Amino acid sequence: MIGRLPHNGFCARGTPLSSHRSTAADPSRPGSPRRSPGRCWVSPVVLCADLGADGGRAPDGRGSRAGARGGRLRPVSALDWDHNAFYHRLLLRQLPDGLRRVLDVGCGAGVFASKLAARAEKVDAVDKSPEMIAAAYDTTPDNVTLLLGDVLKEPLPEAGYDAIVSVTALHHLPLEMALPVLARALRPGGVLVAVALPRTDLPRELPVELLALISQRLFGLTFALLRKFNGGNWFAHEPTHSAMPVLLDPPLATRQVREYAAALLPGAQVRRLVFWRYFLLWHKPSD
Ligand SMILES: C[S@@+](CC[C@H](N)C(=O)[O-])C[C@H]1O[C@@H](n2cnc3c(N)ncnc32)[C@H](O)[C@@H]1O
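Treat the numbers as computed from the prediction; the structure is a model and nothing was measured.

**A short note on the overall build of the protein chain**
Alright, step 1. Of the regular secondary structure elements, the protein chain holds eight helices and seven strands.
Alright, step 2. Counting all 287 residues of the protein chain, 37% fall into the buried class.

Below you can see the structure in the form of structure tokens.
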């Protein structure tokens, strides 16, 4: 059996990302996935052991982590759709060509990391949920290195990334710690781009909240019809959606995120997006 991975350590037991070489699956063992060396592999047995008897509560007590047993699965209606996937194109548009190494923070089941992999030579995709890393293992291509760990606790290569991207994970992190950590890991001239959940900010954001409520249903209906009659995915939720660790009570409103960004990432742009996300974009000044 493959060695137990620490909950909060990267795959290779805390090896810095710059020298990361993970344990590859042993193809000679029955049921062992065939992957190339250098990719993280997390044993499903280990994962079962790692799902606590707490019914899937996240280790930090925030949000829920519905898992293989005892999890509280979120119901998905036919008109629900994936707001994160909807914003993938917006994020990808911010990335220049010729990317060598990119970091995906809070990669979840690796859907966006796979899209990044088509744009970059190498993608490091980090998540602290063993369930999500295991799901990502099944779907991401070989130039994605999966890292099980807390992005704030493990050493990231200084100025090691051409781009750092994050989809709906920044609100899980204390921004005053996360932004400097990510800024250090970005090379001069690199780009940091993210969407994440803002705290509801009423009455200031009432117009956008109303617009979101109305258009969410209209978009949901349109996407459902397109799926039915035209085929295609049309922002349908991934099968892992119900097991995704979520934080439904984000700590900061968009304007507070803007204040943090102004202080920590001079020149950063922060704006509210319609479907319950904020958008953060920063180009690190070149030396
Ligand atoms: C709402 S999910 C989004 C996942 C994925 N980016 C997507 O769009 O489908 C947030 C993810 O961030 C991860 N996460 C939260 N805090 C983290 C941390 N400190 N380090 C690494 N990952 C973290 C969670 O485990 C979770 O998978």
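**Re the site of the ligand**
Alright, step 1. Among the 22 residues in the neighbourhood of the ligand, the closest are listed as Gly106, Gly108, Val167, Ala169 and His172.
Alright, step 2. Secondary structure elements with two or more residues in the shell around the ligand: α4 (111-117) and β2 (120-127).
Alright, step 3. In terms of residue class, the shell around the ligand is built from 13 nonpolar, six polar and three charged.

**Points about helix α5 (residues 130-139)**
Alright, step 1. In terms of burial, α5 is a largely internal element, eight of the 10 residues being buried.
Alright, step 2. Taken as a whole, α5 has its buried residues at Pro130, Glu131, Met132, Ile133, Ala134, Ala135, Ala136 and Tyr137.

**Quick notes on the confidence of the model for the protein chain**
Alright, step 1. Across the protein chain, pLDDT averages 79, with 74% of residues at or above 70.
Alright, step 2. Counting contacts from residues 1-38, a segment whose pLDDT is below 50, to residues more than four positions away or on other chains yields 72 contacts.
Alright, step 3. Low pLDDT (under 50) marks residues 41-73, which in the prediction has 66 contacts with non-local residues, meaning those over four places away or in another chain.

**Structural notes on the nonpolar core**
Alright, step 1. Counting residues in each nonpolar core, the largest one holds 58 residues, and the members touching the most others are Ala113, Ala125, Ala136, Ile164 and Leu280.
Alright, step 2. The dominant element in this core, judged by the number of residues it contributes, is strand β5 (residues 186-196), at seven residues.
Alright, step 3. Once you skip the residues sitting within four places of it in the chain, Ala136 turns out to touch Cys107, Ala109, Gly110, Ala113, Ala125 and Leu146.

**A closer look at the pairing of β5**
Alright, step 1. Burial within β5 is extensive, with eight of its 11 residues counted as buried.
Alright, step 2. Where strand β4 (residues 161-167) meets β5, six bridges bridge the pair, whose relative direction is parallel. From the neighbouring strand, Ser166 faces β5, where its bridge partner is Ala194.
Alright, step 3. Chirality of the crossover, the property in question, places the unit of β4, helix α6 (residues 175-185) and β5 among those that are right-handed.
Alright, step 4. Looking at chain direction, β5 and strand β7 (residues 277-283) are connected through six bridges and run antiparallel. Bridge pairing links Val195 to Phe279 in β7.

What counts as what
- Residues numbered from 1 in each chain as written.
- Predicted model: local features only at pLDDT ≥ 70, side-chain atom pairs only at ≥ 80, totals over all residues.
- Helix = DSSP H or I, 4+ residues; strand = E, 2+ residues; numbered from the N terminus.
- Buried ≥ 20, exposed ≤ 12 C-beta atoms within 10 Å, placed from the backbone.
- Near = placed C-beta within 6 Å.
- Nonpolar A, V, L, I, M, F, W, Y, C, P; charged D, E, K, R; others polar.
- pLDDT = per-residue confidence, 0-100.
- Contact = placed C-beta atoms within 7 Å.
- Core = buried A, V, L, I, M, F, W, Y, C linked by C-beta atoms within 7 Å.
- Pairing = 2+ DSSP bridges.
- Right-handed = clockwise from strand over helix to strand, strands pointing away.

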